[in-house]
Amino acid sequence: MELSSVPTDAELKLLATRVAAAMLHYHLSLSCAESCTGGWIAKTLTDLPGSSAWFEAGVVSYSNQAKVSLLGVRRETLERTGAVSEDTALEMVSGALDRLNVDVAVAVTGIAGPTGGTPQKPVGTVWVGWQRRDGAARAKLFHFPGGREAVRRQTVAAALEGVLETLTD
C-alpha cells in the first residue's frame, strides 16, 4: 500500500483493517508495546469493531522503569544502548510476546520531539520491533521527518505494515 508521506486517519484505518483481516485469517492474537506512540497503535487497532477477537493488549511503556517492570527490558540494556535502540526494541517486543501471551507482537521506541533529540539520535529516530511466536524478533530503524504528530503517525503506519510483513514471512 502506498501511503502519503504522513498517513491520514483513513490510511491508518485501512492498514488496521488489513491487519485485522490477516489476524483473523491466520487465527492469531496480537499485542503491542508502545513508547513514543503513547497507545496510538492500540487505539488504531481497537477502533475497529470486533478487534477483541484478535487484539489482546497494549502496553504504554513510556518511562524506562515501565519498560523494565512491564516488559522485562533489562536495565543493563537501557544503560548501555538507551531507550531508543535496537536492543531495547527487541527486548520490548519479546517481553510483549511472552508477558501478554500472544502469537504476534509489535513494539516501538523513539524520539517524537520536539525535544529529546541528540546529534546521535535526532528527533524522528524510531526503532520498531516485531516478533511472531514461532520466529525470531527483528527490529528496523526509521528516521521520520516532521513534527511530533508526523513522526508518531509514520511510526504507527510502519508498525502496522511490519505486522503484515511478519505474518507473510
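Structural data are supplied above this passage.
As a convention, each chain's residues are numbered from 1 in the sequence order in which they are written. Per-residue local features of the predicted model are confined to residues with pLDDT of at least 70, and side-chain atom pairs are confined, for both listing and counting, to 80 or more; whole-chain, interface and lining totals are unaffected and use all residues. Computation of side-chain values covers all heavy atoms of the structure but excludes hydrogens and water.

Q: So what's going on with helix 1 (residues 9–26)? Residues and values would help.
A: Given a rise of 1.5 Å per residue, 18 residues ought to cover 26 Å, and the 26 Å separating the end C-alpha atoms of helix 1 matches this to within 8%. By definition in these notes, contact holds between two residues if any of their heavy atoms fall within 4.5 Å. Secondary structure elements are defined from DSSP: runs of H or I of at least 4 residues count as helices, runs of E of at least 2 residues count as strands, and each element is numbered from the N terminus. Where helix 1 is buried, its residues contact strand 1 (30–34), helix 2 (40–46), strand 3 (104–110) and helix 6 (148–168). Immediately beyond the C-terminal end of helix 1, within one or two residues, lies His27, with a positive phi of roughly 55°. Here the expected span of a helix is defined as 1.5 Å times the quantity of residues minus one.

Q: Kindly report on the environment of Arg75, identifying the contributing residues and their values.
A: Within the secondary structure layout, Arg75 lies in helix 4 (residues 75–81). Put simply, Arg75 and Pro7 are 68 residues apart on the chain and 34 Å apart in space, counted from C-alpha to C-alpha. In protein, a polar contact means a hydrogen-donor-capable atom and an acceptor-capable atom, both N or O and within 3.5 Å, with residues adjacent in sequence counting only if both atoms are side-chain atoms; elsewhere, any N or O pair within 3.5 Å suffices. Polar contacts involving the side chain of Arg75 include one to the side chain of Gln65, which spans 3.0 Å.

Q: Describe the pairing of strand 1, naming the residues involved and giving the relevant values.
A: Moving residue by residue along a regular strand, the side chains alternate between the two faces of the sheet. The rule is simple: take the accessible area with a 1.4 Å probe, protein chains only, and divide by the maximum for that residue type; under 20% is buried, over 50% is exposed, in between is partly exposed. Strand 1 sits mainly inside the fold: 5 of its 5 residues count as buried. Neither face of strand 1 is open: one carries Leu30, Cys32 and Glu34, the other Ser31 and Ala33, and all of them are buried. Pairing of strand 1 with strand 2 (residues 55–60), which is carried by 5 bridges, proceeds in the parallel orientation. For Ala33, the partnering residue across the bridge sits in strand 2 and is Val59. In terms of handedness, the path from strand 1 via helix 2 over to strand 2 forms a crossover that is right-handed. If DSSP finds at least two bridges between two strands, the strands pair. Bridge count between strand 1 and strand 3: 5 bridges; the pairing is parallel. The partner of Ser31 across the bridge, within strand 3, is Ala105. Classification remark: right-handed applies to a crossover when, strands pointing away from the viewer, the course from the first strand over the helix to the second runs clockwise.

Q: Residue-level account of the sheet that holds strand 1, with values.
A: Pairing within the open sheet is mixed, and its 5 strands lie in the order 2-1-3-4-5. Either end of the sheet is taken by a strand with one partner, and the two such strands are strand 2 and strand 5 (138–143). Averaged over neighbouring strand pairs, the angle between their axes works out to 15° when direction is ignored. Relative to strand 3, helix 5 (residues 86–99) is tilted by about 145°, and along the sheet it contacts strand 1, strand 3, strand 4 (125–132) and strand 5. Axis definition: a line fitted to C-alpha atoms, limited for helices to the stretch in contact. Angles are taken between N-to-C directions and run from 0 to 180 degrees. Helix 6 contacts strand 1, strand 3, strand 4 and strand 5 of the sheet and is inclined by roughly 25° relative to strand 4.

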